[in-house]
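Next come the chains, spelled out residue by residue.
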Amino acid sequence: SYRIFGVPRGTPLTYESFVGVVHPDDRSQVDAQWQAALRGEPYDLEHRIVADGRVKWVREKAYLEFEKNGSLIGGFGITQDITERKMNEAALQVLNEELEHRVVQRTRFYSVLAAINEAIVRKRDQQALFEEVCRIIVETGGFRLAWVGLADPKSRVVRPVASCGETAYLSGLT
């Protein structure tokens, strides 16, 4: 514990000195758990400390012994530095969120493709197909704008023929 808490060996450890090392945001939780332990409840929690100028995560477990009249005789406990585990958990959480985001994007992409394929089969009119494709891209794909343009071979200008969504951008193209 001395090494984990950054305290020189032989330094008397009191509850007050211990709470002084506990991260300020975790002090009320630690104190509540300790007060519960003094009433006979288990003391087993994870929290942060500030030691040697660094924030560390620890897991603490204590076993307290009481007299028959309920007064505290003593106890023993363990403190484990779990900083690396917490850092790995945080990194894993970020990766899981990124993966979930990619799954959502890919699912949306395949939904758009499937709907467009269905439109290609159903629509017989080219203009109706273009309009349906634009609608699918905006409504199913979540895009702000979709448009189809056809190039005029003589002027080499692309002119929008169908669109859906925020079409103000297209006014500069015509």
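The shown structure was predicted, so the numbers you read here are calculated from the model rather than taken from an experiment.

Calculation rules
Residues numbered from 1 in each chain as written. Predicted model: local features only at pLDDT ≥ 70, side-chain atom pairs only at ≥ 80, totals over all residues. Heavy atoms only, no water. Core = buried A, V, L, I, M, F, W, Y, C linked by side-chain atoms within 4.5 Å. Buried < 20%, exposed > 50% of the residue type's maximum accessible area, 1.4 Å probe, protein only. Helix = DSSP H or I, 4+ residues; strand = E, 2+ residues; numbered from the N terminus. Contact = heavy atoms within 4.5 Å. Patch = residues over 30% accessible without salt bridge, like charges linked within 9 Å, V, L, I, M, F, W, Y side chains within 5 Å. Areas by Shrake-Rupley, 256 points an atom, 1.4 Å probe, with all protein chains shown as cover. Salt bridge = Lys/Arg side-chain N within 4 Å of Asp/Glu carboxyl O. Expected span 1.5 Å × (residues − 1). Pairing = 2+ DSSP bridges. Axes fitted to C-alpha atoms, helices over the stretch in contact; angles between N-to-C directions. Lys, Arg positive; Asp, Glu negative; His and termini not counted. Polar contact = N/O pair within 3.5 Å; in protein donor to acceptor, adjacent residues only side chain to side chain. Arc of directions from axis to C-beta.

Quick look at the nonpolar core now. Formed by 15 residues in total, the largest nonpolar core has its most connected members in Ile4, Phe5, Phe18, Val30, Tyr43 and Ile49. Among the elements of the structure, helix H1 (2-5), helix H2 (15-21), helix H3 (27-38), strand E1 (43-51) and strand E2 (54-66) are those that each provide at least two residues to this core. When near neighbours in sequence (up to four residues on either side) are disregarded, Val30 contacts Tyr15, Phe18, Val22, Tyr43, Leu45 and His47. Judged by nonpolar contacts, the second largest core, of seven residues, contains Val138, Ala146, Val148 and Ala162.

Together, Phe109, Tyr110 and Leu113 give the surface a local cluster of nonpolar side chains, amounting to about 320 Å² of exposed area. Positionally, Phe109 belongs in helix H4 (residues 83-122).

Along an α-helix, residues three or four apart share an orientation, since each turn contains 3.6 residues. Here H4 contains 40 residues, and its C-alpha end-to-end distance of 58 Å stays within 8% of the 58 Å for a straight helix at 1.5 Å per residue. Elements that come into contact with the buried residues of H4 comprise E1, E2, strand E3 (72-81) and helix H5 (126-139).

A few words now on the side chain of Glu132. Take Glu132: it is sitting in helix H5. Overall, the relative accessible area of 13% leaves Glu132 in the buried class. Every residue in contact with Glu132, bar those within four places of it in the chain, is listed here: Ala119, Arg122 and Lys123.

Below, the discussion takes up the sheet that holds E1. The strand order across the open sheet formed by three strands is E1-E2-E3, and the pairing between neighbours is antiparallel. Edge positions in the sheet fall to E1 and E3, since each has one partner strand and no second. The sheet shows a mean angle of 35° between the axes of neighbouring strands, direction not considered. Its contacts with the sheet put H3 on E1, E2 and E3, and the angle it makes with E1 is roughly 145°. On top of the sheet, H4 reaches E1, E2 and E3; it is set at about 125° to E2, its chief contact.

Tallying each qualifying case throughout the model produces 14 salt bridges. We note a salt bridge from Glu132 to Arg135, for which the minimum N-O separation is 2.7 Å. Taken together, the residues Glu132 and Arg135, both in helix H5 and three residues apart, mark about one turn of the helix.

So, about the pairing of strand E5 (residues 157-165). In the sheet, strand E4 (residues 145-152) pairs with E5 via eight bridges, with the strands oriented antiparallel. Bridge pairing in E5 links Ala151 to Val158.

Next up on the list: the side chain of Glu60. As for its placement among the helices and strands, Glu60 is situated in strand E2. Nearest to the buried, unbridged Glu60 among oppositely charged side chains is Arg59, at 9.6 Å. Of the polar contacts made by the side chain of Glu60, one reaches the side chain of His47; its length is 2.8 Å. Filtering out sequence-adjacent residues up to four positions away, Glu60 remains in contact with Phe5, Phe18, Tyr43, Asp44, Leu45, His47, Ile78 and Thr79.

This part takes up H3. The first and last C-alpha atoms of H3 sit 16 Å apart over 12 residues, in line with the 16 Å expected at 1.5 Å per residue. Listing the buried residues of H3 in full gives Val30, Trp34, Ala36 and Ala37. In an axial view of H3, the angular spread of the buried residues amounts to 160°, which keeps them on one side of the axis. The inward-facing, buried residues of H3 abut H2, E1 and E2.

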